[in-house]
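Now for the letters of each chain:
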Amino acid sequence: MKIFFEQKKPGRVRQTIKPVLIELGNTPSTVSGLIEETVRICVEAFNRKAIDAPDRENLDADESHNVLSQQEIENLADTGRIAFGIVYNGNMEDPDKAVANALQCYEDGLFRMFLNGNPLGDVNEKIELKEGDCITVVRLTLLAGRLW
């Protein structure tokens, strides 16, 4: 099943985040299943990127790693972040730990999820996903400041 996935962060000046098409292997029936499925897909993509990323220590000697072109910089600027494809932590991530962490963060209220604009509730809440649905993840940030 193919769905759209978008991540937003409050306070971002540019709200030009484009939904990314992801393909789910299983169709989750609960919020926790949705979190688990999407986290596993993201961890798998990160681990693939960590394997394929250029070696940071020998970056200058690596002839296959070229400087970003102007077009690549403009495309990355549209998403709000220009990155060079370097994975600074070359370790592979454990999908089970990532899923447990994501579920704990959701229960603690560190991020919210919306299905086609409707907020999702408890992790055990039943959901019905259809082809082409849009999942929005909003990372909530704590404000630091003084009371007086």
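In what follows, the structure referred to is the one given above.
Since the model is a prediction, treat every value here as computed from it, not as a measurement.

A.B. asks: Would you mind going over the nonpolar core in detail, with residue names and values included?
C.D. replies: Soluble globular proteins: nonpolar side chains tend toward being buried together. Formed by 22 residues in total, the largest nonpolar core has its most connected members in Leu 34, Ile 35, Tyr 106, Met 113, Leu 120 and Ile 135. Mapped by element, the contributors of at least two residues to this core are strand S1 (2-8), helix H1 (31-52), helix H3 (95-108), strand S3 (111-115) and strand S5 (134-139). Ranked by residue count, the leading element in this core is H1, at five residues. Among residues more than four places away in sequence, those in contact with Met 113 are Leu 34, Ile 35, Tyr 106, Asn 118, Pro 119, Leu 120, Ile 135, Thr 136 and Val 137.

A.B. asks: Describe H3, with residues and values.
C.D. replies: In a regular helix each residue adds 1.5 Å, so 14 residues correspond to 20 Å; H3 covers 20 Å between its end C-alpha atoms and thus fits that length. Burial in H3 covers these residues: Val 99, Ala 102, Cys 105 and Tyr 106. The arc that holds the buried residues of H3, viewed along the axis, is 130°, so those residues lie on one side. Looking at H3, the residues exposed on the side facing more than 90 degrees away from the buried face are Lys 97 and Glu 107.

A.B. asks: With reference to specific residues and values, describe the pairing of S3.
C.D. replies: Only one face of S3 is covered, namely the face carrying Phe 111, Met 113 and Leu 115; the face carrying Arg 112 and Phe 114 is uncovered. Where S3 folds back on strand S4 (residues 118-119), the antiparallel hairpin that results is connected by two residues, among which Asn 116 adopts a positive phi of roughly 55°.

A.B. asks: Report on unusual backbone geometry, specifying residues and quantitative values.
C.D. replies: Most peptide bonds take the trans form, and the phi angle of most residues other than glycine is negative. Residue Asn 116 is not a glycine yet carries a positive backbone phi of 55°. Residue placement: Asn 116 occurs in the loop between S3 and S4.

A.B. asks: Can you break down the side chain of Thr 38 residue by residue, with the values?
C.D. replies: When you line up the elements, Thr 38 lands in helix H1. Here Leu 34 takes part through its backbone oxygen, which lies 2.9 Å from a polar atom of the side chain of Thr 38. Thr 38 has contacts with Phe 5, Ile 22 and Leu 24, leaving out every residue within four places of it along the chain.

A.B. asks: So, the packing of aromatic side chains: which residues are in play, and what are the values?
C.D. replies: What the rule picks out here adds up to one aromatic pair. Seen from their ring centres, Tyr 106 and Phe 111 are 5.4 Å apart, and the 55° between their planes marks the pair as tilted. Using a relative accessible area of 8% as the deciding quantity, one classes Tyr 106 as buried.

A.B. asks: Break down the pattern of salt bridges for me, citing the residues and quoting the values.
C.D. replies: Pairing between side chains of opposite charge can happen when the charged atoms of each approach one another. By the definition in use, this model includes three salt bridges. A salt bridge links Asp 96 to Arg 40; the nearest nitrogen and oxygen atoms lie 2.8 Å apart. Of this pair, Asp 96 sits in helix H3 while Arg 40 sits in helix H1, placing them 56 residues apart in sequence. The class of Asp 96 is partly exposed, set by a relative accessible area of 48%. According to the relative accessible area criterion, Arg 40 is partly exposed, its value standing at 29%. Because the salt bridges share partners, they merge into one network encompassing Glu 36, Arg 40 and Asp 96.

Definitions and cut-offs
- Residues numbered from 1 in each chain as written.
- Predicted model: local features only at pLDDT ≥ 70, side-chain atom pairs only at ≥ 80, totals over all residues.
- Heavy atoms only, no water.
- Core = buried A, V, L, I, M, F, W, Y, C linked by side-chain atoms within 4.5 Å.
- Buried < 20%, exposed > 50% of the residue type's maximum accessible area, 1.4 Å probe, protein only.
- Helix = DSSP H or I, 4+ residues; strand = E, 2+ residues; numbered from the N terminus.
- Contact = heavy atoms within 4.5 Å.
- Expected span 1.5 Å × (residues − 1).
- Arc of directions from axis to C-beta.
- Pairing = 2+ DSSP bridges.
- Polar contact = N/O pair within 3.5 Å; in protein donor to acceptor, adjacent residues only side chain to side chain.
- Phe/Tyr/Trp six-rings, centres within 6.5 Å; stacked < 30°, edge-to-face > 60°.
- Salt bridge = Lys/Arg side-chain N within 4 Å of Asp/Glu carboxyl O.

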